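# Summary of structural features
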Amino acid sequence: MSNKAARNLFIIGSLFFFVIFLVLTFDTMGKLDKRAPVITEEVNAGKMTWHKYDCIGCHTIFGNGSYFAPDLTKTAENKPKGYLKQFLMDPKAVNAKAAMPKFGISAQEADHLIAFLEWTSKVDTNGWPPKPILAAAAGVGGKELSAGQRVYQAQGCTNCHMINGIGGTTGPDLTKVGSRRDRKWLHEHFEEPQKVVPNSAMPGYKHLGDQALNDLTEYMLTLK
Amino acid sequence: MTIKYESQKIAQHFYTFAVLLFLVQVLVGIIAAIQFIKPDVFILNFNIIRSLHINALVVWLLVGFMGVTYYVISDESDTELWSLPLAKFQFWATVVTITLVVLGYIWMGISPQANSPINGINPLNEGREYIEAPRWADYLIVVSVLLFLLNCFMTVLKTKKWTGIQGVLLGGLVFLALMYLPGLFYTKSMVKDQFWWWWVVHLWVEGSWEIIAGALLAFMLMKTTGAKREVLEKWMYIEVGLVLFTGILGTGHHYYWIGTPKYWLWVGGIFSSLEPIPLLLMVWDAFRTTREARNVTNRPGLFYTVAHAIFNFVGAGLWGIIHTLPQVNKWTHGTQVTTAHGHLAFYGAYVLLVISMIYVTLPSIRGVKEYNPSRAYLSFWWMTISMVFIVLTITGAGMVQTYMERLMGLDYVAVKTTYNLWFWILRAIFGVGFLIGVGIFVVDFFKLGKEPMPVVSPAPEKA
Ligand code: HEM
Ligand code: HEM
Ligand SMILES: [Fe+2]
């Protein structure tokens, strides 16, 4: 091949692939809005707040960004709003071990951020992040679940709490909670956490009814 | 070794600024690494430190490219630069802009509210990875780059001596400038935001920058070994051609999970898997040319050039292909595997490229015939061995994270603070090794050609 032929191949070939890329881009742009919920003013305000505090400097969103802090694509799906709001405004007040700093996020900014995170959680991401495929994730080694354990699983307590190394880190580790708290405390705390622990960021579970709360309390008391 | 034209000396201004920013980049990198172990260790939070780390990196590489280009264009066109004062002005304008941006980051780090939007625009930090620089700085950077390109093109037009190397180099630079534009507008949708953002980031490092690398590789091989231009330029066209044939549609490997249609899994998977081929060709090119070389005039220059070709392939090609298929990327996306790849790729492809160009051009700029190469080799081994260990460490952390968090479903924070703790400690230690290497390089940069040669000169000059 002569130099001139190589050069022409380079130029024409590159243009060719760039044109294909442009066509695909055009097609993609037409499809994106159908794959995501409507963007309200609140969602957009949340996105602007996201940029203002440079959240991407620690977190990823859709898996892109920095790897210092958890991905937030689906956070709004797994964590209740009340907790998120309190955490965003003052992380260490919710979780003394939190590494996220307090930025001075206002209540309104926190609402906007949550609306933004709710939006991202509903975008069709082709199934990302994938569901874990190994058994440990379920937290059960093939054993029969007690009534309390079933409530614990169904309510997603594991998103915030850890038992025997499995579960989230935003609330206290419950592996030994049975030796720390008694029946009355636990029951009252489930009904309305804020009554027992001022400014608690844990949601209340009164709506589950007495039976479920008793089961949960029984389960907690076995954790020693 | 001497320069042909006085204005080629301007390259040294750019090199000096680049080398100092390199030092800053690595210093803050170590702080970032320590913050993985102790988050509150410094007045500035991790996000600010990280922005400084990656922005310093990108900027010193770009500044290095500019200096290098002024040198090459003048050399290839056989003439002085069109306007030396303009080049100097453009240099100082860049220095001032970058300094202001850095001060802005620090200010925001100390008081986050300072970044509150003015007329809907964040004044200190755009809050988008790699292109954190605020809008006003973007415009100043664009002006600076336009002045730079104008100067280069006017220089070429003076003699109209279009060579393949400078054609591809300038083509790559124009492509680079154009690909900055998709990062300059706001979109309400985070999906579209990331879509255009990857045009900048991916089409830079896997498009225009690799074009520049291909052209400079040919230039450096020609200068250090005296190899024939025709052969080098032919392979250069083939290499950069394959870079774009695979790399443009390879952008699809970032469009798997951000809310984009499913066909990108096919497009991105297939084309990005082919991206290592041109990089392998560059390694072969470097070895073939070196083997046939009869007249090596600048051994450290050639040494760094070959090392650049090898680590470009290993860091970008090998560490890229391991996680580029959608079946794998589904699990590793956004984990420390990405960090490992990012480090080795940037180090091999561009850090070593700019350092090679410095070693290829600096002796002639300083007008020295021979210089003591021992520090050049010593810093290479300190930097490279440390970087390889940083990357192996972080690849380990990435594998643990992928397994425990993604496959087993353990909590992100739990994996980070317990299972991966030792990897963070090791990274910080190897980071200090890297800093030592950079320190030796910086000393060498400032002293090269300014001290007498050792009494026993190394190999006698071969004719
Ligand atoms: C010199 C060339 C290259 C450089 C400098 C480079 C650098 C990077 C960087 C810094 C990231 C992380 C981006 C972020 O912070 O979000 C990244 C991501 C990625 N790179 Fe490269 N890269 C290069 C070439 C390649 C090649 C040739 C391949 C494939 C064969 C590749 C595959 C990938 C993939 C799949 C990701 C996404 C990782 C994820 O899903 O988290 N890269 N690259
Ligand atoms: C020339 C050498 C270096 C280059 C080219 C480089 C490049 C980069 C790049 C491109 C990123 C962002 C992309 C990503 O996270 O994938 C990054 C992040 C980072 N770098 Fe470096 N870096 C270098 C040296 C260092 C050193 C010596 C250290 C300290 C040991 C360091 C520590 C870090 C840390 C902690 C992050 C944040 C990673 C994360 O978000 O998980 N870097 N660096
Ligand atoms: Fe890429």
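Since this is a predicted model, take the numbers as computed values, not measurements. (Residues numbered from 1 in each chain as written. Chains lettered and ligands numbered in written order. Predicted model: local features only at pLDDT ≥ 70, side-chain atom pairs only at ≥ 80, totals over all residues. Heavy atoms only, no water.)

## Section: the overall build of chain B
For clarity, the cut-off: The helix count covers DSSP runs of H or I at least four residues long, the strand count covers runs of E at least two residues long, and both are numbered beginning at the N terminus. We compute the radius of gyration from the C-alpha atoms alone; for a globule the expected value is 2.2 Å times N to the 0.38, where N is the number of residues. Relative accessibility under 20% of the residue-type maximum defines a buried residue, over 50% an exposed one, and the middle range a partly exposed one, all with a 1.4 Å probe and only protein chains included. Contacts between residues were defined by any pair of non-hydrogen atoms, one from each residue, lying within 4.5 Å.
Summing up its helical and strand segments, chain B has 15 helices and zero strands in all. In terms of overall dimensions, chain B is globule-like: its C-alpha atoms have a radius of gyration of 22 Å, near the 23 Å expected for 463 residues. In chain B, buried positions account for 63% of the 463 residues. Restricting the contact set of chain B to residue pairs at least 6 apart, pairs at least 24 apart contribute 81%.

## A closer look at the overall build of chain A
Basically, it comes down to this: A 1.4 Å probe and the Shrake-Rupley method give the accessible areas. Residues count as covered only by the protein chains that appear here. We treat Lys and Arg as the positive residues and Asp and Glu as the negative residues; His and chain ends play no part in the count. In plain terms, the charge of a residue is placed at NZ if it is Lys, CZ if Arg, CG if Asp and CD if Glu.
Each helix and strand counted, chain A has 10 helices and four strands in total. Taken from the N to the C terminus, the helices and strands of chain A come in the order α-α-β-β-α-α-α-α-α-β-β-α-α-α. The buried share of chain A, taken over its 224 residues, is 46%. A fraction of 53% describes how many contacts in chain A between residues 6 or more apart in sequence connect residues 24 or more apart. When the accessible surface of chain A is totalled, it reaches about 11300 Å², and 59% of it is carbon and sulfur. Mean positive and mean negative side-chain charge positions of chain A (26 and 21 charges, respectively) differ by 6 Å.

## With respect to the confidence of the model for chain B
Detail in the predicted coordinates should be disregarded across regions flagged by low pLDDT. Inclusion rule: Per-residue confidence from the prediction method is given by pLDDT, with values spanning 0 to 100.
On average, residues of chain B score 95 in pLDDT, and 98% of them are at 70 or above. For this predicted complex, the interface score ipTM comes out at 0.94, while the overall pTM is 0.96.

## What to know about the interface of chain A and chain B
Which entries qualify depends on this criterion: A quick way to say it: buried area is the sum, across both parts, of accessible area lost when two parts are put together, with a 1.4 Å probe. A side-chain nitrogen of Lys or Arg and a carboxyl oxygen of Asp or Glu constitute a salt bridge if their distance falls within 4 Å.
Of the residues lining the interface, 73 residues belong to chain A; the matching set on chain B comes to 84 residues. Around 6800 Å² of area is buried between chain A and chain B when both sides are counted, 66% of it from carbon and sulfur atoms. On the chain A side of the contact with chain B, Phe 21, Tyr 67 and Phe 68 of chain A bury the most area, a combined 12% of that side's loss. There are four salt bridges connecting chain A and chain B. Notably, a salt bridge pairs Asp 193 of chain B with Lys 47 of chain A, separated by 2.8 Å at the nearest N-O pair. Counting residues per element, the ones that place at least two in the side of chain A that touches chain B are helix H1 (3-32), helix H2 (41-52), strand S2 (64-65), helix H6 (107-121) and strand S4 (166-167) of chain A. With 19 residues, H1 of chain A is the largest single contributor of residues to the side of chain A that touches chain B.

## A closer look at the nonpolar core
As a rule of thumb, soluble globular proteins bury nonpolar side chains together. Rule in force here: Grouping buried Ala, Val, Leu, Ile, Met, Phe, Trp, Tyr and Cys residues that are joined through side-chain atoms within 4.5 Å yields what is termed a nonpolar core. Where each domain starts and ends comes from a domain assignment, either automatic or drawn from a database.
Formed by 182 residues in total, the largest nonpolar core has its most connected members in Phe 22 and Tyr 350 of chain B. Among the domains, domain 1 (3-35) and domain 2 (41-122) of chain A are the pair contributing at least three residues each to this core. Sequence-distant contacts of Tyr 350 of chain B, defined by excluding residues within four places in its chain, comprise Leu 61, Phe 65, Val 205, Trp 209, Glu 210, Ala 213 and Ala 345 of chain B. Counting 17 residues, the second-largest nonpolar core is a separate cluster that includes Tyr 152, Cys 157, Val 177 and Tyr 205 of chain A.

## Observations concerning the coordination of the iron atom of ligand 1
Coordination angles at a metal have ideal targets, namely 109.5 degrees for four tetrahedral donors and 90 or 180 degrees for six octahedral donors. Basically, it comes down to this: Think of the donor list as every N, O and S atom within 2.8 Å of the metal, or within 3.2 Å for Na, K and Ca; water never makes the list, so a site can look incomplete.
Among all protein atoms, only His 341 of chain B (NE2) binds the iron atom of ligand 1, sitting 2.0 Å from it. Structurally, His 341 of chain B can be placed in helix H12 (residues 336-365).

## Some words on the site of ligand 1
Here is the rule we go by: Each residue is tested against the molecule or strand, and it is near if at least one of its non-hydrogen atoms lies within 4 Å. Nitrogen and oxygen atoms within 3.5 Å of one another constitute a polar contact, given that in protein one can donate a hydrogen and the other can accept it, and given that sequence-neighbouring residues count only through two side-chain atoms.
Of all residues adjacent to ligand 1, which total 27 residues, the nearest are Glu 129, Asn 329, His 333, Thr 338 and His 341 of chain B. With respect to ligand 1, its neighbouring residues span chains A and B. Measuring from an oxygen atom of ligand 1, one finds a side-chain N or O atom of Tyr 130 of chain B at 3.1 Å. Between Thr 338 of chain B and ligand 1, the recorded distance is 2.6 Å, taken from a side-chain N or O atom to an oxygen atom.

## Here's the deal with the domain arrangement of chain A
Domain boundaries assigned for chain A yield domain 1 (3-35), domain 2 (41-122) and domain 3 (136-221). Taking the mean C-alpha position of each, domain 1 of chain A and domain 2 of chain A sit 36 Å from one another.

## Quick word on the coordination of the iron atom of ligand 2
Residues and elements named next belong to chain B. His 53 (NE2) and His 343 (NE2) make up the full set of protein donors to the iron atom of ligand 2, lying at 2.0 Å. Overall, His 53 belongs to the buried group, its relative accessible area being 16%. Take His 343: its relative accessible area is 28%, and that puts it in the partly exposed class.

## Let's talk about the pattern of salt bridges
A side chain of one charge can pair with a side chain of the opposite charge if their charged atoms are brought near each other. In the structure shown here, the tally under the stated rule is 28 salt bridges over all chains. Glu 188 of chain A is paired through a salt bridge with Lys 184 of chain A; the nearest N and O atoms lie 3.4 Å apart. One end of the pair, Glu 188 of chain A, and the other, Lys 184 of chain A, are both in helix H8 (residues 183-191), four residues apart, so they sit about a helical turn from each other. Here Lys 184 of chain A falls in the exposed class, since its relative accessible area comes to 58%. For the salt bridge of Arg 229 of chain B with Glu 233 of chain B, the shortest nitrogen-to-oxygen distance reads 3.0 Å. One end of the pair, Arg 229 of chain B, and the other, Glu 233 of chain B, are both in helix H7 (residues 229-250), four residues apart, so they sit about a helical turn from each other. For Arg 229 of chain B, a relative accessible area of 24% corresponds to the partly exposed category.

## As for the site of ligand 2
Neighbouring ligand 2 are 28 residues, the closest being Tyr 67 of chain A together with Arg 50, His 53, Tyr 130 and His 343 of chain B. Residues lining ligand 2 come from chains A and B. Between ligand 2 and Tyr 67 of chain A, the relevant distance is 3.1 Å, taken from an oxygen atom to a main-chain nitrogen or oxygen of the residue. One of the side-chain nitrogen or oxygen atoms of Gln 336 of chain B is found 3.2 Å away from an oxygen atom of ligand 2. Listed by contribution, the elements that provide at least two residues to the shell around ligand 2 are helix H1 (11-35), helix H2 (46-77), H12, helix H13 (374-407) and helix H15 (421-447) of chain B.

## Details of the packing of aromatic side chains
Here is the rule: Think of it this way: a Phe, Tyr or Trp ring, Trp meaning its six-membered ring, pairs with another when their centres are within 6.5 Å, and the plane angle makes it stacked under 30 degrees, edge-to-face over 60, tilted otherwise.
Tallied over the entire structure, the rule returns 56 aromatic pairs over all chains. Seen in terms of ring centroids, Phe 17 of chain A and Phe 271 of chain B are 5.9 Å apart; in terms of plane orientation they differ by 70°. Their pairing is edge-to-face. Of this pair, Phe 17 of chain A sits in helix H1 while Phe 271 of chain B is found in helix H8 (residues 263-274), placing the two residues in two different chains. Phe 271 of chain B gets classed as partly exposed once you look at its relative accessible area, which sits at 22%. Ring plane angle 55° and centroid distance 5.5 Å describe the contact between Phe 14 of chain B and Tyr 70 of chain B, whose orientation is recorded as tilted. Here Phe 14 of chain B is found in helix H1, whereas its partner Tyr 70 of chain B is found in helix H2, with 56 residues between them in sequence. A relative accessible area of 1% means that Phe 14 of chain B is categorised as buried. Classification of Tyr 70 of chain B as buried rests on a relative accessible area of 0%.

## Some points on the packing of H2 of chain A against H6 of chain A
Residue and element names in this part refer to chain A. Formally: Only the stretch in contact is used when a helix axis is fitted, and all axes are lines through C-alpha atoms; the angle between N-to-C directions ranges over 0 to 180 degrees. Under this scheme an angle from 65 to 115 degrees is roughly perpendicular, one under 35 degrees roughly parallel, and one over 145 degrees roughly antiparallel; angles in between are oblique.
As a packed pair, H2 and H6 sit with axes 7 Å apart at the nearest point and diverge in direction by 105°. Taken together, the axis directions place H2 and H6 in an arrangement best described as roughly perpendicular. Here H2 contributes Glu 42, Val 43, Ala 45, Gly 46, Lys 47, Thr 49, Trp 50 and Lys 52 to the contact with H6, which in turn contributes Glu 109, Asp 111, His 112, Leu 113, Ala 115, Phe 116 and Trp 119.

## Observations regarding H2 of chain B
Along an α-helix, residues three or four positions apart point the same way, because every turn accommodates 3.6 residues. Quick note on the threshold: Each residue after the first adds 1.5 Å to the expected span of a helix.
Taking 1.5 Å per residue, 32 residues should reach 46 Å; H2 of chain B reaches 46 Å between its end C-alpha atoms and fits that length. Burial analysis of H2 of chain B places 31 of its 32 residues in the buried class, which makes it a mostly covered element.

## Some remarks on unusual backbone geometry
Backbone geometry follows two general trends: most residues other than glycine have a negative phi, and most peptide bonds adopt the trans configuration. The peptide bond linking Trp 128 of chain A to Pro 129 of chain A adopts the cis configuration, its omega dihedral lying at -5°. With phi around 55°, Phe 62 of chain A is a residue other than glycine that occupies positive phi space. Inspection of the secondary structure assignment puts Phe 62 of chain A in the loop between strand S1 (60-61) and S2. If you check the backbone angles, Asp 78 of chain B has positive phi at about 60° while not being a glycine. For Asp 78 of chain B, the location among the structural elements is in the loop between H2 and helix H3 (84-110). The class for Asp 78 of chain B is partly exposed, based on a relative accessible area of 32%.

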